Amino acid sequence: MKEIAEVVAVQGNRITLTTQLKTACSGCSQKTTCGAGILSKLFADRNAQFTVLSNTPVTPGEQVEISMPEQQVTRFALLLYGSPILILLLTAMTLTSLQSVPEWLVIVLSFSSFAATFVALKHWFQKCDVKVNQLIQITAQQV
């Protein structure tokens with residue numbers, strides 16, 4: 001996954017970058033009549049600004065290419081979105097198979113386990129020090 005970003009500031013090996021957030025509606029022929037297309041025009045000037053650690057020599061105002069391994073993004077997305085759904089289904093199936101648990105309790109406990117999975121993943125990501133800015137690689141643009 002690659003994107004062009006502009007260097008905003010450089011402090012040692014900390015580089016602050018900004019990118020233009022894009023909407024999916026820019027190429028659609030229905031963008032003038034579609035509600036999502038109309039809303040995307042309202043928020044067209046959104047920028048994402050973030051700081052990464054890199055030893056790449058850059059200067060403020062310079063355009064750079066940032067990339068992130070697609071494999072890592074896919075792995076973390078599956079973990080973040082797939083695990084809670086899997087836990088919800090497994091909890092519901094396990095509690096339903098017990099037959100002594102009332103349906104309302106199955107629902108409450110299933111959704112509680114769903115929410116608890118997000119909390120556990122958040123703490124796990126923090127413990128493992130998994131940060132997106134560690135995965136980003138910066139390459140200076142060729143002029």
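Owing to the predicted nature of the structure, the values given are computational and were not obtained by experimental measurement.

Participant: Looking at this structure, how should I read the nonpolar core?
Facilitator: Soluble, globular proteins show a tendency: their nonpolar side chains are buried together. Counting 11 residues, the largest nonpolar core is built from Ala5, Val7, Ile15, Leu17, Val52, Val58, Val64, Ile66, Met68, Ile136 and Ile138. Going through the elements one at a time, strand S1 (2–11), strand S2 (14–20) and strand S4 (63–67) are the ones with two or more residues in this core. Once you skip the residues sitting within four places of it in the chain, Ile138 turns out to touch Ile15, Leu17, Val52, Ser54, Thr56, Val64, Glu65 and Ile66.

Participant: Would you mind showing me how to read the confidence of the model for the chain here?
Facilitator: Detailed reading of the predicted model is not advised wherever pLDDT is low. Here the chain shows a mean pLDDT of 80. Residues at 70 or above account for 75%. Within the chain, helix H3 (residues 103–127) carries the highest mean pLDDT (92), whereas helix H1 (residues 35–42) carries the lowest (58).

Participant: Teacher, can you tell me more about the packing of helix H2 (residues 70–98) against H3 here?
Facilitator: Relative placement of two packed helices is described by the angle separating their axes and the distance separating the axes. Packing of H2 against H3 leaves a shortest axis separation of 8 Å and a crossing angle of 150°. Here H2 lies roughly antiparallel to H3, going by the angle between them. The handedness of the crossing between H2 and H3 is right-handed. Across the interface between the two elements, Phe76, Leu79, Leu80, Ser83, Pro84, Ile85, Ile87, Leu88, Thr91, Ala92, Leu95 and Thr96 from H2 touch Val106, Leu109, Ser110, Phe111, Ser113, Phe114, Thr117, Phe118, Leu121, Trp124 and Phe125 from H3. Taken together, the residues of the contact of H2 with H3 sort by class into 17 nonpolar, six polar and no charged.

Participant: For this particular structure, what's the right way to read the packing of aromatic side chains?
Facilitator: Aromatic ring pairs: the centre-centre distance and the angle between the two ring planes describe each pair. For the structure shown, the criterion picks out two aromatic pairs. Look at Phe111 and Phe114: their rings are 6.4 Å apart centre to centre, the planes differ by 80°, and that puts the pair in the edge-to-face class. Of the two residues, Phe111 and Phe114 are both situated in helix H3; the distance of three residues between them amounts to about one turn of the helix. Aromatic pair Phe114 and Phe118: ring centres 5.2 Å apart, planes at 90°, arrangement edge-to-face. On the criterion of helical spacing, the pair formed by Phe114 and Phe118 is a turn pair, its members being four residues apart in helix H3. The exposure class assigned to Phe118 is partly exposed, which follows from its relative accessible area of 33%.

Conventions adopted
Residues numbered from 1 in each chain as written. Predicted model: local features only at pLDDT ≥ 70, side-chain atom pairs only at ≥ 80, totals over all residues. Heavy atoms only, no water. Core = buried A, V, L, I, M, F, W, Y, C linked by side-chain atoms within 4.5 Å. Buried < 20%, exposed > 50% of the residue type's maximum accessible area, 1.4 Å probe, protein only. Helix = DSSP H or I, 4+ residues; strand = E, 2+ residues; numbered from the N terminus. Contact = heavy atoms within 4.5 Å. pLDDT = per-residue confidence, 0-100. Axes fitted to C-alpha atoms, helices over the stretch in contact; angles between N-to-C directions. Parallel < 35°, antiparallel > 145°, perpendicular 65-115°, else oblique. Left-handed = near helix turned anticlockwise from the far one by under 90°. Nonpolar A, V, L, I, M, F, W, Y, C, P; charged D, E, K, R; others polar. Phe/Tyr/Trp six-rings, centres within 6.5 Å; stacked < 30°, edge-to-face > 60°.

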